[in-house]
Amino acid sequence: METTKHTIALVDDDRNILTSVQMTLEAEGFVVHTYTDGEAALQGILARPVSLAVLDIKMPRMDGMELLQRLRARSSLPVIFLSSKDEELDQLMGLRLGADDYITKPFSQRLLLERIRALLRRQDASRAEGSGTSSAGAAIVRGSLTLDETRHQCLWAGQDIMLTVTEFLLVKALALRPGMVKSRDQLIDAAYGENIYVDDRTIDSHIKRVRKKFRQIDDNFNQIETLYGIGYRYKED
């Protein structure tokens, strides 16, 4: 059994799923807060911050999309979406709104547990690197871009850009080697870790959101270049 102090917010209007997943996560050492609608979840998460949230898309009072938007206005909290297999558009929209990952229903609880652990490991590893004294924890500066792993902070021309864990790792992977092309597979490994499968459109959706965030500050931002059929690269300004 893996010991952890992480707290998970589990949001789904299906009480059977809530009860079953809650029991599984608690058996693995997680603290779990459950909510049956988005409005209650928003209030609860803001009042009792958590390490990660698992959100269903279709919910009463406030659906998962709106909940994600409201959370993203305040926090870079790691988020995993749950969606039905026929909700592909919703999956892509969720990623563009700032979800870090998604899992389709019906899902195995083992898969969900693996995805939760993988996302938390990425977050913890990023913070650990940033808090160390080695060069791995030093700020990355590329022209107007500064990535401070200690604070999980991204600055563009001195202005703060709130990135999710996945977005931060993607920008870091590109900025570490300016001019070098990174394939989508390489970016998946950098942002999700090895042995985690996501399709190419997931990376594309994250990159689109990252660009949008930078362009809200700088209309001329064009440092992340697309090489069609190959991947992406970072161009220093």
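What you see is a predicted model, and the numbers here were worked out from it, not measured in a lab.

## Some remarks on unusual backbone geometry
Phase 1 of the analysis: In this structure, the amide linkage connecting lysine 105 to the following residue, proline 106, adopts the cis form with an omega of -10°.
Phase 2 of the analysis: Tracing the backbone shows proline 106 in the loop between strand S5 (101–105) and helix H5 (109–131).
Phase 3 of the analysis: You will see that arginine 61, though not glycine, has its phi angle at about 70°, which is positive.
Phase 4 of the analysis: Mapped onto the secondary structure, arginine 61 falls in the loop between strand S3 (52–56) and helix H3 (64–72).
Phase 5 of the analysis: When its relative accessible area of 58% is taken as the criterion, arginine 61 is described as exposed.
Phase 6 of the analysis: The backbone of alanine 157 sits at a positive phi, close to 55°, despite the residue not being glycine.
Phase 7 of the analysis: Tracing the chain through its elements places alanine 157 in the loop between strand S8 (153–156) and strand S9 (159–161).

## A closer look at the packing of helix H7 (residues 184–192) against helix H8 (residues 200–215)
How two helices pack is summed up by the angle between their axes together with the distance between the axes.
Phase 1 of the analysis: Interaxial distance between H7 and H8 falls to 10 Å at its minimum, and their mutual angle equals 75°. It follows that H7 is roughly perpendicular to H8 by the angle criterion. Facing Arg184, Asp185, Leu187, Ile188 and Tyr192 of H7, the residues of H8 in contact are Asp200, Thr202, Ile203, Asp204 and His206.
Phase 2 of the analysis: Looking at the contact of H7 with H8, its residues break down into four nonpolar, two polar and four charged.

## Some points on the pairing of strand S11 (residues 224–227)
Phase 1 of the analysis: Summarising the sheet, S11 and strand S12 (residues 231–234) pair through four bridges and their orientation is antiparallel. What sits directly across from leucine 227, in S12, is glycine 231.
Phase 2 of the analysis: With antiparallel pairing between neighbouring strands as the criterion, S11 and S12 make up a hairpin whose turn holds three residues, including glycine 229 at a positive phi of roughly 80°.

## Digging into the sheet that holds S12
Through backbone hydrogen bonds, the strands of a sheet pair up, either in parallel or in antiparallel fashion.
Phase 1 of the analysis: Spatial ordering of the open sheet is given by S10-S12-S11, a layout of three strands whose pairing is antiparallel. Strands with a single pairing partner mark the edges of an open sheet, and in this sheet they are strand S10 (182–183) and S11.
Phase 2 of the analysis: Two elements, S10 and S12, share two bridges in a ladder whose sense is antiparallel. If you follow lysine 182 over to S12, its bridge partner there is tyrosine 232.
Phase 3 of the analysis: Together, S10, S11 and S12 form the strand contacts of helix H6 (residues 165–175), whose direction differs from that of S12 by roughly 70°.

## A few points about the confidence of the model for the chain
Phase 1 of the analysis: On average, residues of the chain score 86 in pLDDT, and 88% of them reach the 70 mark or higher.
Phase 2 of the analysis: In the model, residues 132–136 has pLDDT below 50 throughout and makes two contacts with residues more than four positions away in sequence or in other chains.

## Regarding the environment of threonine 164
Phase 1 of the analysis: Within the element layout of this structure, threonine 164 appears in the loop between S9 and H6.
Phase 2 of the analysis: Along the sequence, threonine 164 and valine 79 sit 85 residues apart, while their C-alpha atoms lie 8.8 Å from each other.
Phase 3 of the analysis: Discounting chain neighbours no more than four positions away, the residues touching threonine 164 are Arg72, Ser76, Gly98, Asp100, His152 and Lys213.

## Considerations on the sheet that holds strand S7 (residues 145–148)
Phase 1 of the analysis: Spatially, S6-S7-S8-S9 is the arrangement adopted by the four strands of the open sheet, whose pairing is antiparallel. Each edge of the sheet is formed by a strand with only one pairing partner; in this case those strands are strand S6 (140–142) and S9. Here the average twist between neighbouring strands, direction ignored, is 20°.
Phase 2 of the analysis: Strand direction decides the pairing type here: S6 and S7, joined by three bridges, are antiparallel. By the bridge assignment, arginine 142 is partnered in S7 with leucine 145.
Phase 3 of the analysis: Across the face of the sheet, H6 comes into contact with S6, S7 and S8 while running at roughly 120° to S7.

## Some words on the packing of aromatic side chains
Both the distance between ring centres and the angle between the ring planes are used here to describe each pair of aromatic rings.
Phase 1 of the analysis: Counted under the stated rule, the structure contains three aromatic pairs.
Phase 2 of the analysis: Geometrically, the ring pair formed by tryptophan 156 and phenylalanine 214 is edge-to-face, given 5.6 Å between the ring centres and 85° between the ring planes. Of the two residues, tryptophan 156 is situated in strand S8 and phenylalanine 214 in helix H8; the sequence distance between them amounts to 58 residues.
Phase 3 of the analysis: With a centroid separation of 4.4 Å and 15° between ring planes, the pair formed by phenylalanine 214 and phenylalanine 221 is classed as stacked.
Phase 4 of the analysis: Given the relative accessible area of 1%, phenylalanine 214 is considered buried.

## So, H7
Phase 1 of the analysis: Within the sequence span of H7, burial applies to Arg184, Leu187, Ile188, Ala191 and Tyr192. Buried residues in H7, looked at end-on, bunch into an arc of 105°, giving them a common side.
Phase 2 of the analysis: Just downstream of H7 lies glycine 193, where phi reads positive at about 95°.

Calculation notes
- Residues numbered from 1 in each chain as written.
- Predicted model: local features only at pLDDT ≥ 70, side-chain atom pairs only at ≥ 80, totals over all residues.
- Heavy atoms only, no water.
- Helix = DSSP H or I, 4+ residues; strand = E, 2+ residues; numbered from the N terminus.
- Buried < 20%, exposed > 50% of the residue type's maximum accessible area, 1.4 Å probe, protein only.
- Axes fitted to C-alpha atoms, helices over the stretch in contact; angles between N-to-C directions.
- Parallel < 35°, antiparallel > 145°, perpendicular 65-115°, else oblique.
- Contact = heavy atoms within 4.5 Å.
- Nonpolar A, V, L, I, M, F, W, Y, C, P; charged D, E, K, R; others polar.
- Pairing = 2+ DSSP bridges.
- pLDDT = per-residue confidence, 0-100.
- Phe/Tyr/Trp six-rings, centres within 6.5 Å; stacked < 30°, edge-to-face > 60°.
- Arc of directions from axis to C-beta.

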